[in-house]
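Summary of structural features
Read off the chains here:
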Amino acid sequence: MAINRRQFIKRSAGAVSVSLVLPRFWMGNAALGQTIAADPNRKIFVVIQMAGGNDGLNTVVPYTDSHYQSLRPVIGFKDTELKDENGNSTILGNDPFALNPAMSELKSLYDAKRVAIVLGAGYLNPNLSHFFSQDIWQTANTSASGNGWLGKYADQKLVGQSGLSAVSIGSSLPKALYADKVVVPSIAPANGADPFALYAYQTDARFAGDKNNQLNTFKATNSRSFDSSTFVGALAKAGFDAEEGAAQLRAAVAAYTPGATYPTNNTPSATAVQFASALKMVAQIVTTIPDANLLYVQLGGFDHHSQEIGTTADNFTDKTKGQHAVLLKALSLGVKTFYDDMAAHGLADNVVMMTWSEFGRRPNENASKGTDHGTASPMLVIGNPVHGGLFGQQPSLTDLDSAGNIKFKVDFRSTYATILDKWLGADSQSILGAKYDDLGFL
Amino acid sequence: MASLSYDEAAHLLRRAGFGGTPDEIDDLSSRGREGAVDFLINFNQIDNTSMQNLLTASFDFSDFGNNDKFNNGEIRRWWFTRMVATKRQFEEKMTLFWHNHFATSSSKVQDVFMYNQNVLLRANVFGKFDDLLLKVSQDAAMLIWLDNITNVLGKPNENFGRELQELFSMGINDVVTGEQNYTEQDVKEVARAFTGWDYQRRVPFTFQLKANQHDNGTKTIYGQQANFSGEDVITIISARAATARYLTWKLFNFFVYPVTTSAADKSTIDKFSKVYLNNNHSIKELVRAIFTSDEFYSSRAFFSLIKQPAELVVGAVRMLGGTYNPGSTVTAGSRTSNTLAQLSRNMGQDMFAPPDVAGWDMNLAWVNTASMLERFNFANTYVTNRNTTNPGVFVTADQLRTMTKASSKKTVKKFLVRLGPLSTDALGTLRTYLETGDNGQPVTFVNDDATIDKKIRGLVHQIMCLPEFQLN
């Protein structure tokens, strides 16, 4: 891990050196604050990272498999338990799978053929370290070296577009978006009415007349030419882009009106509100900035070594409650609300979402009502352009590796490749370094 | 004994602490290289009464059960108060190093255990590594954090056993030879050795071994077979050359410069790792060797790291002679926006809550548009905060006046020295700022009170927005 991190730092330090002294081209030709025209060719891609290792077997549940039941006598779902909060079954038609009962909203999208489930996604010789495996998924190579796969896409396709063509919501930039030629802005959500409140360059409120002098000084010192391979060069570039981009972004997103009701007041959970708020920021950006087509959000906390199900109140027995259910509800509700918002803005046909997690979890539950690090797990691809249904192949629960984990059936990069080629109009082979199967969900 | 120039002493204090005033830097410089490092390392000899008095006046941690006085916000306020006010800077900086090394988070662990772990780390910053590793492993925070309290006979939980090896001691691969340090089977066997490790559910939450939950069977670890206990495993791991190298590598990356995979750098890491192995695993001797080394004072090391948020916010106060108002008790659940803990959190470093068990990624991982705006806006908040009764940090007009000279050139130079010393070619631009009026027209620089309140505060903001200022 260490070696790769260092290589990565070196690369990206060299990377962010693009035309420091040239004026940046920010908002394309769009007039700020105006409703943007519908574009049938627009391709928006939203990536949802489920950090910590999501328990795939309790997300897309192979409930008819007797081995699933015997490996998970405590935390596994019986067929009678596969009902959502309204009593509706979450079983996927005639297929031997069900969604976790917390995922009622995603079940409705699945029934409407808007969700492709890629079963058994993973890679050969799986690494059980969170950090290494995340790096593998983010770089799309098993040595975990180099830039991010989305960064490589951005370097091919987003150069010359506005500085807001790709945006990550969160206070740190995921490695998937590390690029050579573009700086992807990351925006930390603020609490309160305006989630973009933190995203502004401030000067002394007492002396408004000095603000321009401050800004001019800032721009001059941060647009100096530095050796491209140095930290100071990367700092100047990111700093300059931050100030310029923030002003433009805030002006643009003010034109947004929500087209769906996002959760508030810690209901159903603080996590759900937080995650939905991040997706709402994505909605604000894509509905007001026509170039903004690559978005990244994160939902963390899936590392459930213990107490995956239940709460203190039920002595950790209620499978519809507990840490995993809270997170899957947050995912399901957030995605559906965002989907509805996109539909209300006439963008439902222009958006594809994809979830990923660094690994699934071990089939055999542990004594702590939790699960240890595993391997393959399902990915979800969601949106109107998606052919809904099951893709890939469910790994066998009787053919486990030496650590007791399932063996992957579909290389996760096949999902990437399908999206790159069929949705983003890119050349997946040049980005991923090899040709991967088209899974057919687009 | 090697001499220590002003710039070298400033570098030493920024790295071994958070930076200081010219008086503090001059004092270190006068002690010479070895003497200055001795002074900082043997911090117990430094009088710290003023900080203790401040802590006593500002915090009441007498009752862990009192959520109004002991909570999430309070332990953060407490640590930042220590960082800003301590005379024993190396003690706090090493505590931060170990917090990052044994990264444990309040996202899962109760505040009382986070606090206790922090106290434990501070008391053992320069001890024998075996002792520190054992104490941290037997402390409630870690037992909870990595699920060892549910690691029991017949149903091992691998979480602790894995990270003990991957993150706390050796790394997956030897940082010098590249050899794999352990196998997946070792993870399973090590986990068995720690079965039954738990803590008593009453104050002071002492470690206990639940004998009936401990696996007394034979384990095969690193090719050796025995009924290894958890203590045995920690002793074995602490003595491995891979551990010496990994710790040296981490210390270098944290305190000296980003280590590359070049043969020369591997040789450097290997060389210093011998200090650990030859001195009974003494962290103090390893750190002393590093901080007195030519590598540490090489041009490659100066300003070669990107400031961590805690270094940025604490350093801004200490270097400029700013004023810190710790404020009063933070009620449970509330966070005051101008506290150092909150500002650091906004920049990506939430103390007591690292992103995961690997700790914070350093250097470029701190750099993105969101975190840069936070850095710039922190600078603005710090220098334009004139309300001294609110909790937070500020600089008084009197303090700014001591650094404001008759000419714009001397003034800019003075502040660049105080905030680094920074070497930059932006001096002309900064002078122009001082000599530009509201309408954009040139004005003559006058060092009067009105200028200090407006342009000097603006100047400090702009210096703190320089890319050079983000470096350590």
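Calculation notes
Residues numbered from 1 in each chain as written. Chains lettered and ligands numbered in written order. Predicted model: local features only at pLDDT ≥ 70, side-chain atom pairs only at ≥ 80, totals over all residues. Contact = placed C-beta atoms within 7 Å. Helix = DSSP H or I, 4+ residues; strand = E, 2+ residues; numbered from the N terminus. Nonpolar A, V, L, I, M, F, W, Y, C, P; charged D, E, K, R; others polar. Domains from an automatic or database assignment. Core = buried A, V, L, I, M, F, W, Y, C linked by C-beta atoms within 7 Å. Buried ≥ 20, exposed ≤ 12 C-beta atoms within 10 Å, placed from the backbone.

1. Here we look at the interface of chain A and chain B
- Between chain A and chain B, the residue contacts involve 55 residues of the former and 52 residues of the latter.
- At 11 residues, the largest contribution of residues to the side of chain A that touches chain B is made by helix H7 (residues 231-253) of chain A.
- Class assignment of the residues belonging to the side of chain A that touches chain B gives a composition of 27 nonpolar, 21 polar and seven charged.

2. Let's talk about the domain arrangement of chain B
- When cut into domains, chain B gives domain 1 (128-303) and domain 2 (398-470).
- The straight-line distance from the C-alpha centre of domain 1 of chain B to that of domain 2 of chain B is 48 Å.

3. A word on the nonpolar core
- Formed by 261 residues in total, the largest nonpolar core has its most connected members in Val46(A), Val118(A), Val282(A), Val381(A) and Ile463(B).
- The biggest single contributor to this core is H7(A), with 11 residues.
- Inspection of this core shows a minimum of three residues originating in each of domain 1 (128-303) and domain 2 (398-470) of chain B.
- Those residues within four positions of Val282(A) in sequence are excluded, and the remaining contacts are Val46(A), Ile169(A), Leu295(A), Val297(A) and Phe338(A).

4. Some words on unusual backbone geometry
- The residue after Val203(B), namely Pro204(B), is reached through a cis peptide bond having omega 5°.
- Look at the link from Gly420(B) to Pro421(B): it is a cis peptide, with omega at 5°.
- Residue placement: Pro421(B) occurs in the loop between helix H20 (408-418) and helix H21 (427-434).
- Even without glycine at this site, Asn315(A) takes up a positive phi of about 55°.
- Following the sequence through the fold, Asn315(A) ends up in the loop between strand S7 (294-300) and helix H9 (323-344).
- Since 8 C-beta atoms lie within 10 Å of it, Asn315(A) is described here as exposed.
- A positive phi angle is found at Tyr222(B), which is not glycine, with a value near 50°.
- Along the chain, Tyr222(B) turns up in the loop between strand S3 (219-221) and strand S4 (224-226).
- Among the residues examined, Tyr222(B) registers 16 C-beta atoms within 10 Å and is labelled partly exposed.

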